[in-house]
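Per-entry structural report
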Amino acid sequence: MTRALPRKGSAKALSRVDYEALAAFRHAMRRFMAFSDQNADGFGLTPNQHQALLSIKAGYFGRESISIGELSDHLLIKHHSAVELVDRLEAAKLVSRGKSPEDKRVVLLSLTARGEQVLAEICRKNLAELRLAVPFVSALVASLEHATAPRREKSRRSKRLRTKVTAFSSAD
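Read on for a plain summary of the structure. (Residues numbered from 1 in each chain as written. Predicted model: local features only at pLDDT ≥ 70, side-chain atom pairs only at ≥ 80, totals over all residues. Heavy atoms only, no water.)

**Some thoughts on the overall build of the protein chain**
Applicable threshold: The helix count covers DSSP runs of H or I at least four residues long, the strand count covers runs of E at least two residues long, and both are numbered beginning at the N terminus. Whether a residue is buried, partly exposed or exposed follows from its accessible area with a 1.4 Å probe, protein chains only, as a fraction of its type maximum: under 20%, in between, or over 50%, in that order. Computed with a 1.4 Å probe, the accessible areas rest on the Shrake-Rupley method; for each residue, only the protein chains presented here act as cover.
When you go through the protein chain residue by residue, the secondary structure sums to 7 helices and 3 strands. Listing the helices and strands of the protein chain from first to last along the sequence gives α-α-β-α-α-β-β-α-α-α. Looking at the protein chain as a whole, 31% of its 172 residues are labelled buried. Accessible surface for the protein chain amounts to roughly 11,700 Å². Of this, 58% is attributable to carbon and sulfur atoms.

Structural data, given as structure tokens:
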């Protein structure tokens, strides 16, 4: 999907702090995703397999099972790709298929005991890593509020953000 470029003067110019905040946020997301992917790999799972387990467990609030169609929607993949993904997870004894009590044509997915155990281990480590990023993300959100702040306050927020980014980035 291609979007047209904005017209000159159609929007307020972005400041250096805006660009820094977006770059820092994308860096934090990529860093967390790399950690999460490596963590899943330690259990022999691909990132999509890990995300599938998480989606089945908690992708739809209050439900312990989802359909393959819902899984494909949740993972933003084609239905046949979701079927192949589920085939691999089922072969690894991480998920099981069952029929919907309301509609026998619908296949519902749920985690096996082994799937629950593997997902819990991955999520414990991921949550610990995510908790380390809370101060950084909080500073990032605060820096985005700079638009209404006076110029002197913007400068202070930018310096605080740089300090947090440096601390977060060097925590490797």
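Following the structure, the description resumes.
**Here we look at helix H3 (residues 68-75)**
Formally: What the arc covers is the set of directions going from the helix axis to the C-beta atoms. By the convention used here, residues are in contact when the closest approach between their heavy atoms is within 4.5 Å.
All buried positions along H3 are accounted for by Ile68, Leu71, Ser72 and Leu75. For H3, the arc enclosing every buried residue in end-on projection is 100 degrees, short of the 170-degree limit, so these residues lie on one face. Lining the buried residues of H3 we find helix H2 (47-58), strand E1 (66-67), helix H4 (79-91), strand E2 (95-99) and strand E3 (107-111). Just beyond H3, the residue with positive phi is Leu76, at close to 60 degrees.

**Examining the side chain of Ser55**
Take Ser55: it is sitting in helix H2. A residue is classified by how much of its surface remains accessible, and Ser55, at 1% relative accessible area, is buried. Not counting chain neighbours up to four residues away, the residues in contact with Ser55 comprise Tyr60, Ile66, Leu71, His74 and Leu75.

**Let's talk about the packing of helix H1 (residues 16-41) against helix H5 (residues 113-132)**
Convention followed: Helix axes use the C-alpha atoms of the stretch in contact, all axes being lines fitted to C-alpha atoms, and the angles between their N-to-C directions lie in the range 0 to 180 degrees. With respect to orientation, any angle under 35 degrees is reported as roughly parallel, any angle over 145 as roughly antiparallel, any angle of 65 to 115 as roughly perpendicular, and every other angle as oblique. Note on convention: the crossing is left-handed when the near helix lies turned anticlockwise from the far helix by less than a right angle, right-handed when the turn is clockwise.
Contact geometry of H1 with H5 gives a least axis separation of 10 Å together with a crossing angle of 160 degrees. With respect to H5, the element H1 is oriented roughly antiparallel. In the packing of H1 onto H5, the handedness of the crossing is right-handed. Of the residues in H5, those touching H1 at Arg31, Phe32, Phe35, Ser36, Asn39 and Ala40 are Ile122, Lys125, Asn126, Glu129 and Leu130.

**Some thoughts on the environment of His79**
Inspection of the secondary structure assignment puts His79 in helix H4. Judged by relative accessible area, His79 falls into the partly exposed class, the value being 46%. Counting along the chain gives 10 residues from His79 to Gly69, while the straight-line C-alpha distance between them is 6.1 Å. With residues near it in sequence (within four places) discarded, His79 still touches Ile68, Gly69 and Ser72.

**Structural notes on the nonpolar core**
Under the convention used in this document: Put simply, buried Ala, Val, Leu, Ile, Met, Phe, Trp, Tyr and Cys residues joined by side-chain atoms within 4.5 Å make one nonpolar core.
Judged by nonpolar contacts, the single largest core of 21 residues is most densely connected at Leu45, Leu53, Ile56, Leu71, Leu89 and Val95. Contributions of two or more residues to this core are made by H2, H3, H4, E3 and H5. When sequence neighbours within four positions are dropped, the list of residues in contact with Leu89 reads Leu45, Gln49, Ala52, Leu53, Leu94 and Val95. Of all hydrophobic cores here, the second largest spans 5 residues; its members include Ala21, Ala24, Phe136 and Leu140.

**Observations regarding the sheet that holds E1**
To be explicit about the condition: Two strands are counted as paired when DSSP detects at least two bridges linking them.
If you trace the 3 strands from one edge of the open sheet to the other, you get E1-E3-E2, paired in antiparallel fashion. Strands with a single pairing partner mark the edges of an open sheet, and in this sheet they are E1 and E2. Where E2 lies against E3, 5 bridges are found, and the strand directions are antiparallel. Within E3, the position partnered with Gly98 by the bridge is Leu108. Here H2 sits on the sheet and contacts E1, E2 and E3; the angle it forms with E3, its principal contact strand, is near 105 degrees.

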